[in-house]
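As a plain string of letters, each chain reads:
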Amino acid sequence: MVIFCRLKAFDTVACALTQLAAYTSRMRSTQKSLFPLVLVLLLATPALAQQVPAPEQYFGFKPGTDGELARYPKVLEYFQLLAKSTDRVKFEALGKTTMGNSYALLKISSPQNLARFDRLVEINHRLADPRTLSDAEAQKLAAEGKPFYLIYATIHSTEVSNGQAIIQIVYRLATENSPQIREILDNSVVLMVPSQNPDGQHLVIDHWYKTKGTNYNRVYPDLYHKYVGHDDNRDWFMFTQKETRLNVELVQNKYKPIITHDMHQKGPGESRIFVPPFTDPHDVNFHLAEGKEGVAWLENYDMWTPARQYMIYHGQPRILTEIAASNLADPYVNPRKGQPLGPQEARWNFPVPYSKDTWTLGQQVDYGIIVALAGMSHVAKYGREWLYNFYRVHRDWVNYGKGPYAFVVPAAQRDPYATYEMLDILEFGDVEIHKATAPFSANGKQYAAGSWVIKTAQPYGAFAKTMLEKQNYPDLRLFPGGPPEPPYDVTGHTLWMLMGVKVDAIDKPFDAPLELLKTVTPVAATAPSRPKGAYLVGPESYGTFKMVTELQKANVPVFRAAKAFELNGQKYAPGTYVIPPTAAAQKIVEKEAAEIGAPVSAVDRLPAVDGYKLKPNTKVGLWKGAGNMPGGWMMWILEQYGVNHEIVKSQDFQGDLNAKYDVILLPSGTSRARIVNGLDPKRNDPAEWSWAFGVGEEGWKKLRAFVENGGTLLAIGSAVETARELLDLPIEKALPEAAPRFGGAAAQQTAQQVPASAVDRALKDAFTSPANLMQVLRDRVAEPENLFYCPGSLLQNEFDPNHPIAWGMPEQWPVFFESDQAYRLRPGFGMEAAVASRYPRKDILQSGWLLGEEYLRDQANVLSFRVGKGYVVTYGSQIDFRAQPRATFKLLFNGIFHGPSTPVTAAQMGKVGTTTND
Ligand SMILES: [Zn+2]
């Protein structure tokens, strides 16, 4: 079964091919939405250019033929050939992907438009920043310009049909002379990204051919992007991955399209295609050009989080189309023979149900061609209106007069590196940032010179505002008094909470001496000259772990103070790094002070405090089960911070685990079954996949012995339950059983089964039979006193600053919580256990959505245990979720380095040992 495009950090989720988002509000009310266009679209007869081979000649089959998939490199070759043979297509290689493949862009339009391409881009930029434009000038530019229609086929690589459909689309645009194609070419510019994840095209399609004629699973069993797999469209505000950055920097920000069409596929049992409008909820920071209130639309995919829709905050609608998929290139036949596929109840937003029991690749390709050309035709027809409305959206943001007036980032921050990274993200998203040249006051508070000010009234104020404000997710229920209606994805994304930066929202205008920042740069600290005693570095910045890994690579010993201490009149927090001032240390400390801005002190005598010595070259084994997205993200995090690590392989269990690893890290999604069973050897070629096979009951026992013999085990999210089972940890779940039922993949399926009118359906089901009635009561009507629900929010935690895992954390800060668990320690147990963080007694929800807050009160989140000679940390909430909550990365890194460290006395602190060199 193909993994389709639906969400979350769960690995075996159905991906829905989603959003042909019409965003009709931008149209004049008399104009038609895209949806009817899709229905009435007729395909014109192609008139072929002589010298260009048709796709079927070039590839040896017509794209969309059952059992065949055109490979990505050959698709690019074909597009380059079209670019050479016609004057309607330009091909550009924009850069390399994560795995070194080519990321390409096609510019398609009439030769006349391509000849003045630079002028058209200039018009887009002028309309996107209306501060120097009158309305009349904007009208003139809208008439002169051409709307840019950006389309990217396949970001989710198992959704194969769109990557095949674009071959025909580009061929037709390059060669056909029908009125429809001519209109698109003459009146618009198509920007086509053939794949937003080229690596996945290679992995999935190569695997498909490699397994042909075998009994092996035809679907690529691991993540189809090296780090993030299906989460590759959850990265559109953090911009962590190369492909996201290429698109945002070299396509979105550079050319400023007026629309983005994002092509996806969903499960074979759903409707054949979804096109926008979306369903509720939508983020309030969207903008309607007409300003008409009360317009409503509907269907399945909501528009809440910027994690998958950068363009929405940059003056464009995101057109999402989700076409039903099959078994990659093989047809899908309904297991109930003769029964038609998909829902059969016609509704106003689903007028004609699909009537056959079979669904082929060729059909999917046809739907893809129709919907893409329909979108292009529409934009081409109303180009002037699209461009003018593009201007109006930006004009209204430039004149934005509602609160907040601005967000202020005070100059003095606990973590200068986090502050730099946060501002850098906003700048990458085209947000203007000002810096105060002198002190000022706002809303009765004094701010130092050097503080940053981000005004809401600017062209991309929508992006700044949604990233910097707290999210108040609406309390949506399946029916009044009923259980919560699951969001499509997560609900909280407040950037400063994720990063660990203090930001104030200021409602009313204020005066401050400001200069526009050209580039955000790190706030560099200066390292003092080499001392006699030690370098001391506070533990407050997550950036310090870049320094720790550098020091480890250079074999410089690193110590950490177990308690707070004072030296030379200065206070130091528990966990402060004490670094012997070797020549190698000096180089690294100087470099890191400049890059992460962490203040360094140089002291001539060592602090009189006990502490810990980090294990030289601490080695992490990352359990990255095949297809586990949290494991992929974790690999990315470990690489970014230079942590010495390796993926745990089933072969490792033939040797001594303790000799190989100091720490074994279980990301969320690592279940007992995944460890014991792993990938099925009968369905996966051992030559390639034996690393991911199960380790069996024998291996399970070996993992336990690894900890008892002195290893460190870290377990995150759902893996906490795995660790509890493995080691009989003295904890129990604190949240009611309802939590998993309404969370994650199960919740998404529930949501899919609920039709437009949830009340009607629930009643209808209930009255079909008494058994159904009981089922509906059990599934759909949660007892309110038993209801806990938190689908991806920021929740307050209290940290024990003396607990080694919480070193460097403030007393309170939000953690990310995505359908996770909280725990209580079971009393009267012999095992040594300590709580590093817990939920407070009140005001737990900081951003997003939370039902049943009372269940969290005073319950533990992060705990540590001594098991035999080993050390265990359980992180109940996903403190590393999609590499976004960086403020809580410290909890992870503290776990990695503290577990294997050894206690030292004050007399031993900061000394270069015999095993190290100067
Ligand atoms: Zn998808």
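In this text, all values refer to a predicted model and were calculated from it rather than measured experimentally.

Scoring rules and cut-offs
Sequence positions are assigned chain by chain, starting from 1 and proceeding in written order. Reporting of local features is limited, given that this is a predicted model, to residues whose pLDDT is at least 70; pairs of side-chain atoms are given and counted only at 80 or more, and all residues count toward the totals for whole chains, interfaces and linings. Note that the side-chain values use all heavy atoms of the structure and ignore hydrogens as well as water. Starting at the N terminus, helices and strands are each numbered in turn, a helix being any DSSP run of H or I of at least four residues and a strand any DSSP run of E of at least two. Think of it in three bands: with a 1.4 Å probe and only protein chains considered, a residue is buried below 20% of the maximum accessible area for its type, exposed above 50%, and partly exposed in between. Residue contacts are defined here by distance: any two heavy atoms, one from each residue, within 4.5 Å place the two residues in contact. We get accessible surface area from the Shrake-Rupley algorithm with a probe of 1.4 Å; when it comes to residues, only the shown protein chains can shield them. Axis angles are defined between N-to-C directions and span 0 to 180 degrees, where every axis is a line fitted to C-alpha atoms and, for a helix, only to the segment in contact. Each residue is assigned to one class: nonpolar for Ala, Val, Leu, Ile, Met, Phe, Trp, Tyr, Cys and Pro, charged for Asp, Glu, Lys and Arg, and polar for all the others, Gly among them. What we call a nonpolar core is a set of buried Ala, Val, Leu, Ile, Met, Phe, Trp, Tyr and Cys residues that are connected through their side-chain atoms within 4.5 Å. In short, DSSP must find at least two bridges between two strands for them to pair. One confidence number per residue, pLDDT, is output by the predictor and ranges from 0 to 100. The definition of a polar contact used here is a pair of N or O atoms within 3.5 Å, where within protein one atom must be able to donate a hydrogen and the other to accept one, and adjacent residues in sequence count solely through side-chain atom pairs.

Quick notes on the overall build of the protein
- When its secondary structure is counted, the protein shows 28 helices and 36 strands.
- A burial count over the protein gives 61% of its 918 residues as buried.
- In the protein, the share of contacts with a sequence separation of at least 24, taken over all contacts with a separation of at least 6, comes to 80%.
- Just so you have it, the protein exposes about 33,500 Å², and 51% of that area is on carbon and sulfur atoms.

Considering the packing of helix α5 (residues 117–128) against helix α12 (residues 383–398)
- With their axes 7 Å apart at the nearest point, α5 and α12 run at an angle of 35 degrees to one another. Contact residues: α5 offers N124, L127 and A128, while α12 offers L387, F390, Y391 and H394.
- Its residues placed into classes, the contact of α5 with α12 shows five nonpolar, two polar and no charged.

Quick notes on the nonpolar core
- Judged by nonpolar contacts, the single largest core of 208 residues is most densely connected at L173, M376, M422, I579 and L856.
- Leaving out residues up to four positions away in the same chain, M422 has contacts with V409, L468, L495, W496, M499, V501 and V503.
- With 30 residues, the next largest nonpolar core counts I664, L703, L726 and L727 among its residues.

Describing the sheet that holds strand β11 (residues 434–436)
- The sheet built from five strands is open, its strands ordered β15-β10-β14-β11-β16 with antiparallel pairing. Edge positions in the open sheet fall to β15 (504–506) and β16 (514–516), since each of these has one partner strand only. Averaged over all adjacent pairs, the angle separating strand axes in this sheet is 30 degrees, with direction ignored.
- The sheet contact formed by β11 and β16 spans three bridges and is antiparallel.

Thoughts on the confidence of the model for the protein
- Of all residues in the protein, 86% attain a pLDDT of 70 or more, and the chain-wide mean is 88.
- Here residues 1–49 scores under 50 on pLDDT; set against residues more than four positions off or in separate chains, the count is 201 contacts.
- For residues 285–299, every residue scores under 50 in pLDDT, and the model assigns this stretch 42 contacts once sequence neighbours within four places are set aside.

Describing unusual backbone geometry
- Note that the residue after G403, namely P404, is joined by a cis bond; omega there is -10 degrees.
- Locating P404 in the fold gives a position in the loop between α12 and β10 (406–409).

Some details on the environment of P317
- In this structure, P317 sits in the loop between β6 (273–274) and β7 (318–324).
- With 57 residues separating them in the primary sequence, P317 and T260 have C-alpha atoms 6.5 Å apart.

Things to note about the side chain of D231
- With respect to the helices and strands, the residue D231 is situated in the loop between α9 (198–210) and α10 (242–255).
- Here the side chain of D231 touches W633 through a polar contact of 2.8 Å, side chain to side chain.
- Within the structure, D231 has its side chain in polar contact with the side chain of R882 (distance 3.3 Å).

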